[in-house]
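As a plain string of letters, each chain reads:
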Amino acid sequence: MSQQYRITLLPGDGIGPEIMAVAVRVLKTVGEKFALNFEFKEALIGGAAIDATGEPLPAATLETCKQSDAVLLAAIGGYKWDSLPRHLRPETGLLGLRSGLQLFANLRPATILPQLIDASTLKREVVEGVDIMVVRELTGGIYFGQPRGIFTTETGEKRGVNTMAYTESEIDRIGRVAFETAQKRSKRLCSVDKANVLEVSQFWRDRMIALSAEYPDVELTHLYVDNAAMQLVRAPKQFDTIVTSNLFGDILSDAAAMLTGSIGMLPSASLGASNPGVYEPVHGSAPDIAGQDKANPLAQVLSAAMMLRYSFDQAEAAMQIEQAVLKVLDQGYRTGDIMSEGKTLVGCQAIGDEIVAAL
Ligand code: NAD
């Protein structure tokens, strides 16, 4: 009997539909090979949802996601929707999805592939062997804290406000995910904060230290976020697993992404306690190259592999996808963002054809 999995597809905006089409072809191919029966349901999010329904996250989309076994998301956003009020922006749909599914942990691997070392802007000796996992808190901190808004003070001056706040339980649950992730890797966890300036960060650090008593096999260290940013580009190999808050994680994971040469290569997983996980590339909707068949679909394809591994426990199928990606790179195929001398430049769908062929 074949295994049955319900997957909600959220192609979103910009290059989203192009890269999603490649990932679906790859999933169908691997599904046939491993007798996995995928039932795909497409739903609207972001700008596409705004155009069709007036809202960035229609209730029907959230419901469809909740009823599936996993969600594969591409990317949202674009110039067209940038001037809408905040509650109607595509990004609000993404934040709504994360909080609606209570996805509090975002796992972002930044692994340098030997085939792409020359695509990194850093020197070979700095990036060769980099293998970092950033565990970012996703449903708390300054992106959700209250009060927030732009208010008028008593003197008539306008004032913008956001609030960075974390409860003990919010820190502890992301801390546990991070310690357990580090246990499966090389047992080194670096917690990044700004405890020298922010009380919320001091509390974060105190909780991480308290939690570390439960994980004596993991070596816990701490860095201030400014130093962490510097160390990431100076000597990235010192890091294994990094745990940090929502805002710092947003920034550091993009910096870690660039160590690997292209943001178009990096998958991510967002996990909660009980709802389906959401798998998506780290990059955005790349409106500058949308509709031109120039997008790199590999992060989307690798996100699908992460979905097979973390949500469906299909490690062998996941590995075959990852190996197919490596094989295509070994064969010299490259999209524009990872192109280097002597390689063969191909478009989004053509590199997809090669992955399917490699499978
Ligand atoms: P971006 O990641 O979309 O693009 C940054 C740069 O990287 C661009 O030059 C783009 O062409 C390139 N790039 C990104 N993905 C690529 C890929 N797969 N292949 C080749 N090149 C790729 O970030 P941005 O320009 O800051 O944002 C564009 C839009 O995306 C905005 O509306 C933003 O809000 C949105 N965004 C969405 C997400 C998400 O859906 N998770 C994340 C970040 C940004």
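All figures in this text were calculated on a predicted structure; none of them were measured in a lab. (Residues numbered from 1 in each chain as written. Predicted model: local features only at pLDDT ≥ 70, side-chain atom pairs only at ≥ 80, totals over all residues. Heavy atoms only, no water.)

**Describing the domain arrangement of the chain**
Domains assigned within the chain are domain 1 (1–101 + 275–359) and domain 2 (107–262). Each of domain 1 and domain 2 was reduced to a C-alpha centroid, and the two centroids are 24 Å apart. On the side of domain 2, 14 residues touch domain 1, which itself brings 13 residues to the contact. Contact with domain 2 buries area across many residues of domain 1, yet Arg 98, Val 282 and Ile 338 alone supply 37% of it, more than any other trio. Linking domain 1 with domain 2 are zero salt bridges. Secondary-structure elements contributing two or more residues to the side of domain 1 that touches domain 2 are α4 (90–100), α10 (298–310) and α11 (315–330). Grouping the constituent residues of the side of domain 1 that touches domain 2 by class yields seven nonpolar, two polar and four charged. (Domains from an automatic or database assignment. Contact = heavy atoms within 4.5 Å. Buried area = accessible area lost by both parts, 1.4 Å probe. Salt bridge = Lys/Arg side-chain N within 4 Å of Asp/Glu carboxyl O. Helix = DSSP H or I, 4+ residues; strand = E, 2+ residues; numbered from the N terminus. Nonpolar A, V, L, I, M, F, W, Y, C, P; charged D, E, K, R; others polar.)

**Some words on helix α2 (residues 46–53)**
What α2 keeps buried is the set Gly 46, Gly 47, Ala 49 and Ile 50. With its buried residues spanning 160° around the axis, α2 presents them on a single face. (Buried < 20%, exposed > 50% of the residue type's maximum accessible area, 1.4 Å probe, protein only. Arc of directions from axis to C-beta.)

**Side note on unusual backbone geometry**
Glycine aside, negative phi is the norm for most residues, and most peptide bonds take the trans geometry. The amide bond that connects Gln 146 to the next residue, Pro 147, takes the cis arrangement and shows omega of 0°. Along the chain, Pro 147 turns up in strand β6 (residues 145–152). One non-glycine residue, Lys 187, lies in positive phi territory at about 65°.

**Quick word on the packing of aromatic side chains**
Under the counting rule described, the total for this entry stands at six aromatic pairs. When the centroid spacing of 4.1 Å and the interplanar angle of 15° are considered together, the rings of Tyr 5 and Phe 312 count as stacked. Taken together, the residues span a long stretch of sequence, with Tyr 5 in strand β1 (residues 3–12) and Phe 312 in the loop between α10 and α11 at a distance of 307 residues. Assessed through its relative accessible area of 8%, Tyr 5 is described here as buried. With a centroid separation of 6.0 Å and an interplanar angle of 45°, the aromatic rings of Phe 38 and Phe 40 are classed as tilted. Its relative accessible area of 10% is what places Phe 38 among the buried residues. The class of Phe 40 is partly exposed, set by a relative accessible area of 24%. Taken together, the aromatic side chains of Tyr 5, Phe 38, Phe 40 and Phe 312 make up a single cluster linked through ring pairs. (Phe/Tyr/Trp six-rings, centres within 6.5 Å; stacked < 30°, edge-to-face > 60°.)

**Quick look at the sheet that holds strand β9 (residues 219–224)**
Spatially, the 10 strands line up as an open sheet ordered β2-β1-β3-β12-β11-β4-β5-β10-β8-β9, and their pairing is mixed. The strands lining the two open edges of the sheet, one partner per strand, are β2 (36–42) and β9. Going from strand to strand, the sheet's axes swing by 25° on average, the running direction of each strand aside. Relative to β9, strand β8 (residues 188–193) runs parallel, the two being bridged by six bridges. (Pairing = 2+ DSSP bridges. Axes fitted to C-alpha atoms, helices over the stretch in contact; angles between N-to-C directions.)

**Notes on the site of the ligand**
Taken together, 20 residues sit near the ligand, with Glu 91, Gly 284, Ala 286, Asp 288 and Asn 296 positioned nearest. One of the backbone N or O atoms of Ile 76 is found 2.9 Å from an oxygen atom in the ligand. Measuring from a nitrogen atom of the ligand, one finds a side-chain N or O atom of His 283 at 3.2 Å. Per-class residue counts for the shell around the ligand are nine nonpolar, seven polar and four charged. (Near = heavy atom within 4 Å. Polar contact = N/O pair within 3.5 Å; in protein donor to acceptor, adjacent residues only side chain to side chain.)

**Digging into the packing of helix α1 (residues 16–34) against α10**
Close contact between α1 and α10 brings their axes to 8 Å; oriented N to C, the two are set at 45°. Classified by the angle between their axes, α1 and α10 sit oblique to one another. Classified by chirality, the crossing of α10 by α1 is right-handed. Across from Ile 19, Met 20, Val 22, Ala 23, Val 26, Leu 27 and Val 30 in α1, the residues of α10 making contact are Gln 300, Val 301, Ala 304, Met 307 and Leu 308. (Parallel < 35°, antiparallel > 145°, perpendicular 65-115°, else oblique. Left-handed = near helix turned anticlockwise from the far one by under 90°.)

**Let's talk about the pairing of strand β7 (residues 158–163)**
With five bridges connecting them, β6 and β7 associate as antiparallel partners. Directly across from Gly 145, in β7, lies its bridge partner Thr 163. In this antiparallel pair of consecutive strands, β6 and β7, the connection spans five residues, and Gly 156 shows a positive phi of 90°.

**Let's talk about the packing of α11 against helix α12 (residues 348–358)**
Running from amino to carboxyl end, α11 crosses α12 at an angle of 120°, the nearest separation of the two axes being 9 Å. The orientation of α11 relative to α12 falls into the category oblique. For the element pair α11 and α12, the recorded crossing hand is right-handed. Residues Ala 324, Val 325, Lys 327 and Val 328 of α11 pack against Ile 351, Glu 354, Ile 355 and Ala 358 of α12. Classifying every residue of the contact of α11 with α12 by side-chain character gives six nonpolar, no polar and two charged.

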